[in-house]
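Structure assessment
Here is how the chains run, residue by residue.
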Amino acid sequence: MLIKRKEFLQVGSLATASFMVPQFLKAFERVDRVPPGNKVMVILQLSGGNDGLNTVVPIRNDIYYRERPRLGIDKAKALSLTDEVGLHPALISLKELYDEGNLGILNNVGYPNPDRSHFRSMDIWQTGSASNEYVTTGWVGRYLDAQCSGCDRPTYALEIDDVLSLALKGENSKAIAMKDPRRLLGTSNEKFFKDVLKTHRNGDEETVDYLYKTMSETLSSANYIFEQSSAHPSSFEYPKTELGNGLKTIASLIFSDINTKVYYISLGSFDTHVNQDNQQQRLFTELSDGVKAFAADLKQNNRFHDVLMFTFSEFGRRVSQNASGGTDHGTANNMFLIGGALKQQGLINAMPDLADLDEGDLKYKIDFKTVYATVLKNWLDADDTTILGKKYEHLGFC
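Let me begin by describing the structure that accompanies this report. The shown structure was predicted, so the numbers you read here are calculated from the model rather than taken from an experiment. (Residues numbered from 1 in each chain as written. Predicted model: local features only at pLDDT ≥ 70, side-chain atom pairs only at ≥ 80, totals over all residues. Heavy atoms only, no water.)

**Thoughts on the overall build of the chain**
- Broken down by element type, the chain carries 12 helices and 12 strands.
- Taking the intrachain contacts of the chain between residues at least 6 apart in sequence as the baseline, contacts between residues at least 24 apart amount to 73%.
- Of the accessible surface of the chain, which amounts to about 16900 Å², a share of 48% is contributed by carbon and sulfur atoms. (Helix = DSSP H or I, 4+ residues; strand = E, 2+ residues; numbered from the N terminus. Contact = heavy atoms within 4.5 Å. Areas by Shrake-Rupley, 256 points an atom, 1.4 Å probe, with all protein chains shown as cover.)

Below you can see the structure in the form of structure tokens.
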């Protein structure tokens, strides 16, 4: 029996809310308590192309101030890391982490033949592919495929969002996307969905069967995820922002029995063609406040050494300011690494060479896929070569 169009749309809406539930969700019910020492990776996407030069600031570089006469961060306002480098003044908690030895900074991260389109460059970063390749699976999704094939204790990933990013979609395994476990539970418990499931017979139509299967698996997992997030709720005070709420959810799940290895969350938009000062100040304040609470919460619960967070953005901005008080799409950028078990801290490599540009853009020195290879192999103990389709060097930060 085919479902009506209205029912089809409602089922599709639930499938999007949880967006693509892995086939192995039943295994949630068999997971034992996860002990301290279980390594977790948190990926924080700075959507829109964050301006790296006003994030990690070359405070004694004359070229920087010449190219940004109105936009450059004043040396006296920057949070000094060294005599030559400072952080944006809103990144107070990252400066504290730097001073504690819990922050690493990679500069000049990018890839060959960069693309300045938001969508295309984000696809490249999320798939872990070259700029001339078009791949339909994400690098974390392929990690799930590799780790969960034929095993009775699969590895899981969760995204704190309403729609699943390409990065977390594998060929056979996909992560779950949700902003709030309570809301996912409420949606899954709607009487309509349960009634529809009772009337469905397999084999009616492939697409409809797929939606029914997704809905069924969501119903079986939503209550479990909610129970886990509620079993060990974080009592720490987080900022009442979207990022703060998301990081609090992640912390509660880290403290629970759920065996989630990868969390993915986003902040944006950093597309600062105009009014960059105010926009970056606002977003960096949200970032700093959220990370401060998250790190303190993990430390209080003795899990800070088990968690590695890293940030990325699809590209940086051009070196010169534009005429609208902002910056335009560029190339290479910096990445923050945060955690209690970093093997390299501080400024891990050299700052950008502003005297050696590629038609006004920074030249990349570190391929972002070497960062992925490093965390896959050294942090998640996975076969990075198979997942990324090529052997990349490993960096030394973890």
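**What to know about the packing of helix α9 (residues 242–254) against helix α10 (residues 276–300)**
- The interhelical angle for the contact between α9 and α10, taken along N-to-C directions, is 15°, at an axis separation of 9 Å. By the angle class used here, α9 and α10 are roughly parallel. Crossing hand, α9 versus α10: right-handed. Packed against α9, whose contacting residues are E242, L243, L247, I250, A251 and I254, the element α10 presents E286, L287, G290, V291, F294, D297 and L298 at the interface. (Axes fitted to C-alpha atoms, helices over the stretch in contact; angles between N-to-C directions. Parallel < 35°, antiparallel > 145°, perpendicular 65-115°, else oblique. Left-handed = near helix turned anticlockwise from the far one by under 90°.)

**Describing the side chain of N107**
- Looking at where N107 falls in the secondary structure, it is placed in strand β5 (residues 103–110).
- Among the residues examined, N107 registers a relative accessible area of 1% and is labelled buried.
- The contact partners of N107, leaving out residues within four places of it in the chain, are V56, N333, N334, L347, N349, A350, M351, P352 and I366. (Buried < 20%, exposed > 50% of the residue type's maximum accessible area, 1.4 Å probe, protein only.)

**So, the nonpolar core**
- One finds L87, I250, I254, Y263 and F294 to be the most contacted residues of the largest nonpolar core, which totals 46 residues.
- Top element by residues in this core is α10. It accounts for 8 residues.
- Setting aside chain neighbours within four positions, we find I254 in contact with V40, Y263, F294, L298, R303 and V307.
- Among the nonpolar cores identified, the runner-up in size contains 42 residues, and I124, W139, A157 and A382 belong to it. (Core = buried A, V, L, I, M, F, W, Y, C linked by side-chain atoms within 4.5 Å.)

**A look at the packing of helix α3 (residues 92–100) against α10**
- Two numbers describe how α3 lies on α10: the axes approach to 7 Å, and their chain directions differ by 40°. Relative to α10, the element α3 lies oblique. Residues I92, S93, L94, E96, L97 and E100 of α3 lie in contact with α10, whose contacting residues are S288, V291, K292, A295 and K299.

**Thoughts on the pattern of salt bridges**
- This model, assessed by the stated rule, comprises 13 salt bridges.
- Notably, a salt bridge pairs E67 with R66, separated by 3.1 Å at the nearest N-O pair.
- E67 gets classed as partly exposed once you look at its relative accessible area, which sits at 22%.
- For R66, a relative accessible area of 58% corresponds to the exposed category.
- The residue K299 makes a salt bridge to E100 at a minimum N-O spacing of 2.7 Å. Note that K299 is positioned in helix α10 and E100 in helix α3, a separation of 199 residues in sequence.
- Its relative accessible area of 32% is what places K299 among the partly exposed residues. (Salt bridge = Lys/Arg side-chain N within 4 Å of Asp/Glu carboxyl O.)

**A few points about α10**
- The end-to-end C-alpha distance of α10 is 35 Å, a good match for the 36 Å that 25 residues give at a rise of 1.5 Å each.
- The positive-phi residue at the C-terminal boundary of α10 is N302, with phi of around 60°. (Expected span 1.5 Å × (residues − 1).)

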